[in-house]
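What follows is each chain in one-letter form.
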Amino acid sequence: MNLSIYKRVQGHNCPKLWQRFVVENGHQQPSTNPLPPTTHYQQQQSTTNFKPFLNIIPIFNENDAVSTRRAPYEDSSGIFWDNDSLAGLLAMELKADLLVMLSDVEGLYSGPPSDPNSKLIHTYIKEKHQCEITFGDKSRLGRGGMTAKVNAAVCAAYAGIPSVITSGYATDNIIKVLQGKCVGTLFHRDAHLWTLVKELGVREMAVTARECSRRLQAMNSEGRRKILLDIADALEANESLIKIENEADVTAAQDDGYEKSLISRLSLKPGKISGLAKSIRVLADMEDPIGQVLKRTELADGLILEKTSSPLGVLLVVFESRPDALVQIASLAVKSGNGLLLKGGKEAKRSNAILHKVITSAIPENIGEKLIGLVASREDIPNLLKLDDVIDLVIPRGSNKLVTQIKNSTKIPVLGHADGICHVYVDKSAKVDMAKQIVRDAKIDYPAACNAMVYSVPIGSQETLLLHKDLSSNGLLNELVSDLRHEGVTLYGGPRASSLLNIPETCSFHHEYSSMACTIEIVDDVQAAINHIHQHGSSHTDCIITENHEVAETFLHGVDSAAVFHNASTRFCDGARFGLGAEVGISTSRIHARGPVGVEGLLTTRWILRGSGQVVYGDKGVIYTHKDLPLQTPLYI
């Protein structure tokens, strides 16, 4: 695949210029001069001077080149019919790197360019578009018109010469094509492979995912287990390729000036792929969650009711930054028997694309690789959020802004969390060494994680450290502050802490740093700490460090968060560490699932009733027993 065309498809610019480049110039390209030529002759002269610099072979058509042959593309003799077919033929003879055909419109449209409902086709897929598009008989400016250009472009593309049809009137279009920018319509013999997901309608994508999920649910437990093991093997086998794509994303993010915390989440550090593969194997060997009998009841003699576990159906997961989230979410979807649509952040585009390709390649044909769809464009999200008849659950995994936007834009149930604002409260009875160790781990182990500690301040929510007022007198306060500063953590204070410690006062307690910064505040007692957490926290994960068990129980039962810990780092709030195998995210919702969401959070229930001919008939002939039965009771008794 040519590098520039590949870059265009991946959405990146290309630094390389073409070596052999044929331009069919029916409508001359304006020069880069800010004052464009005023006459047709001047414009043509400017374009002629411009092209040889780029090793371009121009073909002009003041009048069409004409041959008596009517079907040049069915004839291997090389006879051309007009200037478009001549350009295509020359490009093939020269084995050019690219054929560019300039027109008086931006490219190939789905209908007449003048029709406001017509859309520019950025990538032509022969299998899709040749049956959908009809052309006029003749161009108003030449003999063949767009029909001839498309025929020439298709012929050249399938002979191995990438082709682009674009406007000759737009400034610098040739340069933009060389840079791999999305200009005009691209023709390539492998285009159907690149754009399959992108061109697939979002409804069709969701419906197909549901169909695949039903086949997955019908598969036996061992079959689903094998798929997961194959995914783990595929990830390890393609680790070097995944690393290349991920490094390209990281480099691009650094060049674009992204924050270090985002780049940290984006990077697949050494050992990450093997760690993901290991967690998938653990998940594969866990008990099959589908079809588990949760409750069995005898309604009446010979009438048995079962409550069983069942997949939700189709999940839409929108996540930011972390490409490893794609792996975890996809493996959980397979384990739970759900169809899945994924939309990752643009900063991880290449990482997500290769991971998706590797994972879906391990899904057998009898299930279908479209079980897991990768949504290509951010613009598709609003349309997906309208599909409440097809998509069963939306899981936004990212900022509070993202979660709020999605909740406000859909009728589909949303399972998500607000800011990852976690607190650690150090009580006056805490052991010094334990407190220092937990505080350091909660903040330093992985500052970019949502379960990292925010040093708590009573003005907003952020990773916050709440300290009992008596700690200022026993030296622990100064030791904690010294340790954090030594680790490079920037400290902010609430009203009391900023004055006592002479540190900048935080502007808001409602701030998730996700970096080497946090807030400290002084509180009077455990109840004050609980009140602070309820006022400024996000109900994510909060921790108390104390040796007083009565105080610990007050905190554990008083803090209304998804996860509450005693003498343990907030970093333990994680699906893998909880033994869930993986997680789709951490939910702070109060329905369905809360905390780290693993397989169980992706399941619902259904009822199965087995009888022997019973009818209700006004309940006249039924004697209800409503007797609980052991789960191991035979299906038919």
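Residues numbered from 1 in each chain as written. Predicted model: local features only at pLDDT ≥ 70, side-chain atom pairs only at ≥ 80, totals over all residues. Heavy atoms only, no water.

Describing the overall build of the protein chain
Point 1. Broken down by element type, the protein chain carries 23 helices and 22 strands.
Point 2. When the 637 residues of the protein chain are sorted by exposure, 52% land in the buried category.
Point 3. Of all intrachain contacts in the protein chain linking residues separated by at least 6 positions in sequence, the fraction that spans at least 24 positions is 73%. (Helix = DSSP H or I, 4+ residues; strand = E, 2+ residues; numbered from the N terminus. Buried < 20%, exposed > 50% of the residue type's maximum accessible area, 1.4 Å probe, protein only. Contact = heavy atoms within 4.5 Å.)

Focus: helix α17 (residues 400–407)
Point 1. The complete set of buried residues in α17 reads L402, V403 and I406. Summarising the axial view, the buried residues of α17 lie within an arc of 95 degrees, below the 170-degree limit, and thus occupy one face.
Point 2. Buried residues along α17 sit in contact with β9 (314–319) and β12 (393–397). (Arc of directions from axis to C-beta.)

So, the sheet that holds strand β17 (residues 541–545)
Point 1. Strand order in the open sheet formed by six strands is β15-β16-β14-β13-β17-β18, with parallel pairing between adjacent strands. The open sheet has two free edges, formed respectively by β15 (490–493) and β18 (563–566), since each of these has just one partner strand. Direction aside, neighbouring strands of the sheet carry axes that sit 20 degrees apart on average.
Point 2. In the sheet, β17 pairs with β18 via four bridges, with the strands oriented parallel. If you follow D542 over to β18, its bridge partner there is V564.
Point 3. Most of the contacts of helix α18 (residues 432–444) go to β17, to which it runs at about 165 degrees, and overall it touches β13 (423–426), β14 (464–468), β16 (517–523) and β17.
Point 4. Set on the sheet, helix α22 (residues 526–536) makes contact with β13, β14, β16 and β17; between it and β13 the angle comes to about 170 degrees. (Pairing = 2+ DSSP bridges. Axes fitted to C-alpha atoms, helices over the stretch in contact; angles between N-to-C directions.)

Here we look at empty space enclosed by the protein
Point 1. What the rule picks out here adds up to five cavities of 30 Å³ or more.
Point 2. Of the voids in this model, the largest cavity is the one considered here, and its volume is about 50 Å³.
Point 3. If you go around the largest cavity, you meet eleven residues; those closest to its centre are I395, L415, G416, G585 and I586.
Point 4. For the lining of the largest cavity, the secondary structure elements donating two or more residues are β12 and β19 (585–587).
Point 5. Taken together, S221, R224, R225, L228, D288 and K335 make up the lining of the second largest cavity.
Point 6. Across the lining of the second largest cavity, the residue classes tally to one nonpolar, one polar and four charged. (1 Å grid on protein atoms, 1.4 Å probe; cavity = no way out; pocket = protein on both sides within 12 Å on 5 of 7 lines; lining within 4 Å. Points joined across faces, edges and corners; volume = space filled by probe spheres on them. Nonpolar A, V, L, I, M, F, W, Y, C, P; charged D, E, K, R; others polar.)

Side note on the nonpolar core
As a rule of thumb, soluble globular proteins bury nonpolar side chains together.
Point 1. L235, L340, L342 and I372 are the most contacted members of the largest nonpolar core, which has 51 residues in total.
Point 2. For this core, the element with the most residues is helix α14 (residues 323–336), which contributes eight residues.
Point 3. A435, L476, I503 and A563 belong to the second-largest nonpolar core, a separate cluster that totals 30 residues. (Core = buried A, V, L, I, M, F, W, Y, C linked by side-chain atoms within 4.5 Å.)

Quick word on the packing of helix α10 (residues 221–237) against helix α15 (residues 349–361)
Point 1. Between α10 and α15, the shortest axis-to-axis distance is 8 Å and the interhelical angle comes to 135 degrees. When the interaxial angle is binned, α10 and α15 end up oblique. Note on packing geometry: the crossing formed by α10 with α15 is right-handed. Touching I231, A234 and L235 of α10 are L355, V358 and I359, all from α15.
Point 2. Split into classes, the residues belonging to the contact of α10 with α15 amount to six nonpolar, no polar and no charged. (Parallel < 35°, antiparallel > 145°, perpendicular 65-115°, else oblique. Left-handed = near helix turned anticlockwise from the far one by under 90°.)

Description of the packing of aromatic side chains
Point 1. One pass over the structure, following the stated rule, counts three aromatic pairs.
Point 2. Ring geometry for Y425 and F555: centres 6.4 Å apart, planes at 20 degrees, overall stacked. Highlighted residues: Y425 in strand β13 and F555 in helix α23 (residues 549–558), separated in sequence by 130 residues.
Point 3. Residue classification places Y425 among the buried residues on the basis of a relative accessible area of 0%.
Point 4. The lysine or arginine in question, K620, covers the ring of Y617, its NZ or CZ lying 5.4 Å from the ring centre. (Phe/Tyr/Trp six-rings, centres within 6.5 Å; stacked < 30°, edge-to-face > 60°. Lys NZ or Arg CZ within 6 Å of the ring centre and 35° of its normal.)

Here's the deal with the environment of D97
Point 1. Examined against the element boundaries, D97 turns out to sit in the loop between α3 (83–94) and β3 (98–103).
Point 2. The class for D97 is buried, based on a relative accessible area of 16%.
Point 3. Separated by 64 residues in the primary sequence, D97 and I161 place their C-alpha atoms 6.2 Å from one another.

Let's talk about the pattern of salt bridges
Point 1. Applying the stated rule across the entire model yields 19 salt bridges.
Point 2. With its nearest N and O atoms 2.9 Å apart, the salt bridge here joins K226 to D230. Here K226 and its partner D230 are both found in helix α10, four residues apart, which amounts to about one turn of the helix.
Point 3. Since its relative accessible area comes to 48%, K226 is described here as partly exposed.
Point 4. Look at D230 and you get partly exposed, because its relative accessible area is 26%.
Point 5. In this structure, the salt-bridge partner of E487 is R440, at a minimum N-O distance of 3.7 Å. Of this pair, E487 sits in the loop between α20 (476–486) and β15 while R440 sits in helix α18, and the two are 47 residues apart along the sequence.
Point 6. Put simply, E222, R225 and D285 are held in one network by salt bridges that share partners. (Salt bridge = Lys/Arg side-chain N within 4 Å of Asp/Glu carboxyl O.)

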